[in-house]
Amino acid sequence: MRLSAFAVKNSKHIQQMTVGIIGSGAMGTGIAQVAAMAGHPVVIYDSNEAALARAQKNLSGTLQKLQEKGKITSADELMARFSFANNIVQFSNCGLIIEAIVENLEVKKAVFAEVELAVSADCILASNTSSLSITSIAAACKKPERVVGLHFFNPPPLMALVEVIPAIQTEVGLVTQCKDLMSKWGKMPVIAKDTPGFIVNRIARPFYGEALRIYEEGIADMATIDWAMTTIGGFKMGPFALMDYIGHDVNYVVTETVFQSFFFDPRYKPSFSQKRLLEACWLGRKTGRGFYNYAEGAAMPEPTRDEQLAKTIFDRILAMLINEAVDALHLNVASAADIETAMTRGVNYPKGLLAWCDEWGAANCLEKLDALYNEYHEDRYRASSLLRKSAIANKKFV
Ligand SMILES: NC(=O)c1ccc[n+]([C@@H]2O[C@H](COP(=O)([O-])OP(=O)(O)OC[C@H]3O[C@@H](n4cnc5c(N)ncnc54)[C@H](O)[C@@H]3O)[C@@H](O)[C@H]2O)c1
């Protein structure tokens, strides 16, 4: 494998390398904290001065709390590693830039083209985009081989997973070096192909989409679906509670982007019920209203505690999730091990989906999908050919 010509060259160099962060919102601030705690000087830049001031205040508060809990020795010492910039010229000494600004391809491309002019020739440029093409972003640069995706999960200091996504132009050696760097930061890096939703945001789609479909058909209400997935499935949150938590402005938009990016594959079709919430600005917990009502004193709906119904719901959603994981493996989006790590560490699934398939039996999973396909005659329920082959060969995935 060719060694990268870019900034991450050896461990001494890594320790001293200055990391630049573009965007001081939820993700940028969290990633900045992770980088500083790994020992790097960090420059944070935001085009909005108020956002930058807020980030400084938030970081200082977070580090004070960590000191009180005994998790760090000196908040002041860590705080001294940050500088807050209102001009990208201050990125000139950085070895790595991580962009975490608004999820808009044209804006990101413009920022990458501008930042490239301000940094050294060996500086790595990374994007934290959730759903945009890294290849497209790289194409905005003079040296697209220095561009890579580094997709952190929210909140970055607590979530271990980082998806490392090479663009088709990315220099091969850079991927391994970014992976090593993320490991040094205490993260669990996985490598994902530059395809819509990468690993997690692709494979997790049926957790929301199939739950919404079951609800829209009136098979069960939201509370019952959530109860089925937490009680029988062992998921920490049910799909409706989770969509409300993530916010429909984020969750719906990711679904719509993935659907469009997959050339309108019906497997990823968004739901009108969720779209209407977005239109009403009922964004979930943050606005006090989403699928559920979070107003003070409002009663949460009770589920129908029917175990047979709950099993039907759980089986249907899990079969769709497993199919998505198997298909991602089939299309070489990631290795089996990375798919398992991504779903257990990026969205805290109780079990890896490929291991779940082994436990259930590929034939059993296939039977459930074929039953759905026969019932609906919709392409949405087509089984991955790898699942079919594995069922016939009685093959296990992990
Ligand atoms: N929030 C999540 O759960 C999550 C998880 C993973 C990845 N992401 C991705 O991370 C990125 C940032 O998300 P976020 O939730 O932190 O957003 P955010 O809205 O909290 O923060 C974005 C920040 O970028 C700044 N900004 C916008 N345009 C800019 C520009 N042209 N130059 C400099 N600064 C600019 C804004 O002022 C704001 O402070 C997005 O690409 C998002 O898809 C988000």
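Here the residue numbers are simple positions, counted from 1 along each chain's written sequence. pLDDT decides what is reported in this predicted model: residues at 70 or higher carry local features, side-chain atom pairs at 80 or more are listed and counted, and totals for whole chains, interfaces and linings draw on all residues regardless.

## Re the nonpolar core
So, point 1. Any set of buried Ala, Val, Leu, Ile, Met, Phe, Trp, Tyr and Cys residues joined through C-beta atoms within 7 Å is what this text calls a nonpolar core. Whether a residue is buried, exposed or partly exposed follows from its count of other C-beta atoms within 10 Å of its own C-beta, namely 20 or more, 12 or fewer, or something in between, respectively; the C-beta atoms are built from the backbone. Counting 114 residues, the largest nonpolar core has Ile97, Val148, Ile199 and Ala325 as its most contacted members.
So, point 2. In terms of residues, this core owes the most to one element, helix α14 (residues 307-330), which gives twelve residues.
So, point 3. Mapping this core onto the domain boundaries places at least three of its residues in each of domain 1 (11-191) and domain 2 (201-393).
So, point 4. The contact rule is simple: place each C-beta atom from the backbone, and if two of them lie within 7 Å, those residues are in contact. Setting aside its immediate chain neighbours within four residues, Val148 contacts Ile124, Ala126, Ile134, Val164, Ile165, Pro166, Ala167, Thr170, Leu174, Val175 and Cys178. Secondary structure elements are taken from DSSP: a helix is a run of H or I of four residues or more, a strand is a run of E of two residues or more, and numbering for both begins at the N terminus. Residue ranges labeled as domains rest on an automatic or database domain assignment.

## Examining the packing of α14 against helix α16 (residues 353-360)
In helix packing, the relevant descriptors are the interaxial angle and the interaxial distance, both defined with respect to the helix axes.
So, point 1. To obtain each axis, a line is fitted to C-alpha atoms, and for helices this fit is confined to the stretch in contact; angles are then taken between N-to-C directions over 0 to 180 degrees. Viewed as axis vectors pointing N to C, α14 and α16 meet at an angle of 120°, and their least axial separation amounts to 9 Å. In terms of crossing hand, the pair formed by α14 and α16 is left-handed. For the pair α14 and α16, the contacting residues are Leu318, Leu321, Ile322, Ala325 and Val326 in the first and Leu353, Leu354, Trp356 and Cys357 in the second. Crossings are assigned a handedness: left-handed for a near helix turned anticlockwise from the far helix by less than a right angle, right-handed for a clockwise turn.

## Some thoughts on the sheet that holds strand β4 (residues 94-99)
So, point 1. Strand pairing is defined by DSSP finding a minimum of two bridges between the two strands. Spatially, β3-β2-β1-β4-β5-β6-β7-β8 is the arrangement adopted by the eight strands of the open sheet, whose pairing is mixed. Edge positions in the sheet fall to β3 (82-85) and β8 (188-191), since each has one partner strand and no second. Across this sheet, the average inter-strand angle for adjacent strands is 25°, counted without regard to direction.
So, point 2. The pairing of strand β5 (residues 124-127) with strand β6 (residues 147-152) spans three bridges and is classified as parallel. Residue pairing for β6: Leu125 is matched across the bridge by Val147.
So, point 3. Helix α7 (residues 172-184) contacts β5, β6, β7 (161-166) and β8 of the sheet and is inclined by roughly 170° relative to β7.
So, point 4. Packing of helix α15 (residues 336-345) onto the sheet brings it into contact with β7 and β8, and relative to β8 it is tilted by some 130°.

## Observations regarding the domain arrangement of the protein chain
So, point 1. Each assigned domain of the protein chain is listed with its residue range as follows: domain 1 (11-191) and domain 2 (201-393).
So, point 2. Computed from C-alpha atoms alone, the centre-to-centre distance between domain 1 and domain 2 is 30 Å.
So, point 3. Domain 1 puts ten residues into the contact, and the matching count from domain 2 is ten residues.
So, point 4. Where the side of domain 1 that touches domain 2 is concerned, the elements lending two or more residues are β7 and β8.
So, point 5. Looking at which element gives the most residues to the side of domain 1 that touches domain 2, the answer is β8, with three residues.

## Brief notes about the environment of Met159
So, point 1. Topologically, Met159 is positioned in the loop between β6 and β7.
So, point 2. Along the backbone, Met159 and Gly346 are 187 residues apart, and their C-alpha atoms lie at a distance of 6.6 Å.
So, point 3. Apart from residues lying up to four places away in sequence, Met159 is in contact with Phe152, Phe153, Asn154 and Gly346.

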